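# Structural overview
Listed below, chain by chain, are the residues.
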Amino acid sequence: MKKLLCVTIALLYATAMQAQDEKAGVTKFLGIPVDGYKPAMIEKLKAKGFTPTSEDKEILEGEFNGTDVYVFVVTNNNKVCRIAMMDKNGQGETDIKIRFNTLCRQFENNSKYIKTETDQAIPEDEDISFEMTVNKKRYQASFYQNSSDNNNPFAEIKKSVWFMISESYGKYHIAMFYDNEYNKANGDDL
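Residues numbered from 1 in each chain as written. Predicted model: local features only at pLDDT ≥ 70, side-chain atom pairs only at ≥ 80, totals over all residues. Heavy atoms only, no water.

## Notes on unusual backbone geometry
Here the phi dihedral of Asn-78 falls at roughly 70°; this positive angle occurs in a residue that is not glycine. Structurally, the position occupied by Asn-78 is in the loop between strand S5 (67-76) and strand S6 (79-87). For Asn-78, a relative accessible area of 57% translates into the label exposed. (Helix = DSSP H or I, 4+ residues; strand = E, 2+ residues; numbered from the N terminus. Buried < 20%, exposed > 50% of the residue type's maximum accessible area, 1.4 Å probe, protein only.)

And the structure:
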């Protein structure tokens, strides 16, 4: 009986440690793991200063990295798989290009992130309006959060953070995404 109890305790401990390692291996937004259930995530975001919009209590608003944004909690099978943000206020072409390039530099210079491509900044002389409208070019930059998992050299690819320029009625916005690839749809429901 004592042997069975020891084995059971060892299995419970191993399971708990694996669950803790998995939590450490997910993308974090403002220090919060992008994981769990939507109501709990919304409460954690409220604790960080975000408030519900008057239109929808599940859409939050607040300031992120010096910019007023809307925050959306996206789920798959009731588990949080993404924190998405959209600039609250649109900008002109020059300002959005500066904002995009500034974000690229901030991520590149932050040791918590690994860039996925060499130069993701927009050239100064590029006409993004023309490129997006005529050539359907998509301006985006992607990064991985550094992983604390030394046993899995590919853990970073499950911790993606990326942003892009979107256009609406002649104004440009940055949309930013903190993804938990572990909770994304992987075809199980097909």
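This is not the end of the story, as more comes after the structure.
## Some thoughts on the side chain of Ser-160
With respect to the helices and strands, the residue Ser-160 is situated in strand S9 (residues 160-168). A distance of 3.0 Å separates polar atoms of two side chains, one belonging to Ser-160 and the other to Glu-181. Apart from the residues within four sequence positions on either side, Ser-160 is in contact with Thr-27, Phe-143, Tyr-144, Phe-177, Tyr-178, Asp-179 and Glu-181. (Polar contact = N/O pair within 3.5 Å; in protein donor to acceptor, adjacent residues only side chain to side chain. Contact = heavy atoms within 4.5 Å.)

## Here we look at the environment of Val-26
Within the element layout of this structure, Val-26 appears in the loop between helix H1 (2-24) and strand S1 (28-29). Sequence spacing of Val-26 and Lys-158 is 132 residues, and the spatial spacing of their C-alpha atoms is 7.0 Å. Setting aside residues up to four positions removed in sequence, Val-26 forms contacts with Pro-33, Val-34, Asp-35, Gln-145, Lys-159, Asn-180 and Tyr-182.

## Quick notes on the nonpolar core
If you look at the biggest cluster of nonpolar residues, it comprises 34 residues, and the most contacted ones within it are Leu-45, Ile-83, Phe-163, Ile-165 and Tyr-178. Counting residues per element, this core draws most heavily on helix H3 (residues 93-108), which supplies 5 residues. Residues within four places of Ile-165 in sequence aside, it is in contact with Ile-96, Phe-100, Ile-122, Ile-128, Met-132, Tyr-139, Tyr-172, His-173 and Ile-174. Trp-162, Met-164, Ala-175 and Phe-177 belong to the second largest nonpolar core, which has 5 residues in total. (Core = buried A, V, L, I, M, F, W, Y, C linked by side-chain atoms within 4.5 Å.)

## Observations regarding the pairing of S6
Burial within S6 is extensive, with 7 of its 9 residues counted as buried. The pairing of S5 with S6 spans 8 bridges and is classified as antiparallel. Note that in S6 the partner of Tyr-70 across the bridge is Met-86. Here S5 hands over to S6 after 2 residues, with Asn-77 in that stretch at a positive phi of 55°. Alignment of S6 against strand S10 (residues 171-179), held across 5 bridges, turns out to be antiparallel. Within S10, the position partnered with Met-85 by the bridge is Met-176. (Pairing = 2+ DSSP bridges.)

## Remarks on the side chain of Gln-145
Of note, Gln-145 is situated in strand S8 (residues 140-145). At 3.4 Å, the side chain of Gln-145 forms a polar contact with the side chain of Tyr-113.

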